[in-house]
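Descriptive analysis of the structure
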Amino acid sequence: MTVRLYDTKAAALRDFIPLREREVGMYVCGPTVQSSPHIGHLRSALVYDQLRRWLSYRGYTVTLVRNVTDIDDKILNAAQLEHSSEEWWALAYRVELEFTAGYTALGIQAPTYEPRATASIPQMQEIIARLIERGHAYPAPDGSGDVYFDVRSWPAYGELTRQSIENMEAAADADPRAKRDARDFALWKGRKVEEPESASFASPWGDGRPGWHIECSAMSRRYLGAQFDIHGGGLDLRFPHHENEIAQSTAAGDAFANYWVHNGLVNVNGQKMSKSLGNSVYASDLLGAARPLVVRYYLGSAHYRSTIDFTSTSLAEAEAALDRIAGFFERVDRRLASTRFAGSGVEVVPEAFEEAMDDDLAVPQALAVLHDTIRTGNAALDAEDLEAAATARGHALAMTEVLGINPLSPQWKSAGSSAADAALAELVDRLLADRQAARAGRDFGAADRIRDELTSAGITIEDTPTGSHWSIEQ
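Quick look at the structure, then. (Residues numbered from 1 in each chain as written. Predicted model: local features only at pLDDT ≥ 70, side-chain atom pairs only at ≥ 80, totals over all residues. Heavy atoms only, no water.)

Counted by the stated rule, this structure contains 0 disulfides. The thiol of Cys29 is unpaired, and the distance to the nearest cysteine sulfur, on Cys216, comes to 3.8 Å. (Disulfide = S-S within 2.5 Å.)

Here we come to unusual backbone geometry. Of all residues except glycine, most have a negative phi; of all peptide bonds, most are trans. Following Phe239, the chain continues into Pro240 via a peptide bond in cis, with omega recorded as 5°. Mapping Pro240 onto the fold places it in helix H6 (residues 238-251). Here the phi dihedral of Asn269 falls at roughly 50°; this positive angle occurs in a residue that is not glycine. With respect to the helices, strands and loops of the structure, Asn269 is situated in the loop between strand S11 (266-268) and strand S12 (271-272). (Helix = DSSP H or I, 4+ residues; strand = E, 2+ residues; numbered from the N terminus.)

Within soluble globular proteins, side chains that are nonpolar tend to cluster in buried spots. Ranked by internal contacts, the top residues of the largest apolar core, which has 89 residues, are Phe16, Ile39, Leu55, Ile230, Leu299, Phe353 and Met357. Among all residues touching Ile39, those that are not within four sequence positions of it are Val266, Met273, Val281, Leu286, Tyr298, Leu299 and Phe310. Residues Leu187, Trp205, Ile214 and Ala257 belong to the second largest nonpolar core, which totals 35 residues. (Core = buried A, V, L, I, M, F, W, Y, C linked by side-chain atoms within 4.5 Å. Buried < 20%, exposed > 50% of the residue type's maximum accessible area, 1.4 Å probe, protein only. Contact = heavy atoms within 4.5 Å.)

On inspection of all chains with the given rule, the structure shows 3 cavities of 30 Å³ or more. Roughly 60 Å³ of internal volume is contained in the largest cavity. Considering the residues around the largest cavity, the lining is formed by Leu46, Gln50, Arg296, Tyr297, Gly300, Ser301, Val363, Leu367, Leu403 and Ile405. The set of elements that each furnish at least two residues to the lining of the largest cavity consists of helix H1 (39-57), helix H8 (292-299) and helix H11 (363-382). Each residue belonging to the lining of the largest cavity can be placed in one class, and the counts come to 6 nonpolar, 3 polar and 1 charged. What the second largest cavity holds in volume is close to 40 Å³. What lines the second largest cavity is Val28, Ala45, Tyr48, Asp49, Leu64, Arg66 and Ile108. Mapped onto the lining of the second largest cavity, the elements with two or more residues apiece are H1 and strand S4 (61-66). In terms of residues, the lining of the second largest cavity owes the most to one element, H1, which gives 3 residues. Class assignment of the residues belonging to the lining of the second largest cavity gives a composition of 5 nonpolar, no polar and 2 charged. (1 Å grid on protein atoms, 1.4 Å probe; cavity = no way out; pocket = protein on both sides within 12 Å on 5 of 7 lines; lining within 4 Å. Points joined across faces, edges and corners; volume = space filled by probe spheres on them. Nonpolar A, V, L, I, M, F, W, Y, C, P; charged D, E, K, R; others polar.)

In structure tokens:
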């Protein structure tokens, strides 16, 4: 089955056909690093990590570019208003490290390239110059140094979001006094007196800095070429950011992205997350509330185009699902040890999982296949069908690897373990040792009493030829 993706621009599912055979070029809008990462940032980065992993599993070599917007109005304002003693570039770098730490904690693979906007200023100016030459951009006549994209010069403007210019809101990224049309957006912003000199770069139109939208057009072109396969980002970026990217890149003569993929947003207890509501959930909150693997499972369990709702039970539900997966791996590995079936299960995803992932990255259906496989594997163990159990193990391991949620992976084994977990394990192991000693001494009353106490505490005991083992009931 061919991989199919929902292309926002076409408003339809499309078979994925790369520009170059077995190679994929993907650009994802990364963070503007003015403040700490929140749950929405993590969700978006994880979506494209899942897509990248699946394309890689299907045999594609993926080049993933995720930018860092390290100069922008928001960054300059944050440095001036909230961190007056901190330079804007120091704030940007400090926050960038927070994003990197959050991505790393969730097992999100590092991008192939992660360019900062400030490193591609010449490339931005080159596109702006082409747009002026082609009649699609103009320097402001007021001597401010601003340069604007002329939206009415480009008939296709609005094609991504299916809007007419008359129905669009005015662009709020620059003072409108020198614009030909209120919807014209800034490509270059002349330096203002109150802005630091360090945030200004020389240009043919005067010292200043790039507008937000031109940054991504320049960086995607620099690292992936004038035409590439997939452009991704959050649904909230469709307008004006992605609409403006398409307009300026295509007006400059570049074919740009073949597929536009957008991930859904995150609500908190049924409400849109916003600073004004005081309901923002930051990466540090999530990673302090649960193991990183649990956070990854939760954020990646919904379909990427859906809106997910974070509630007080979200992480607990994810924890329970992961415990079922880890419990099966522990049980099957213990039972298959020292048998001819140990390691015999082929690590390949089943057909139903492959069909789900090929169908616009349908992770909920793929997870259903995973949990069905876990149930089948446990049933096989109950029936002493070790060959079927080994097969289930191989399938489950392959699926969890693709999704980045394999609890046996070294990156997750010690991550998030707590002193409480260690203490519980020590106490239960000691009770099991006492029970084994009672059984050896034929004191079956004491052995049964220990088992009953553990059972009443929600702990399941399984007696096997290799000894007694425990797990927490789900």
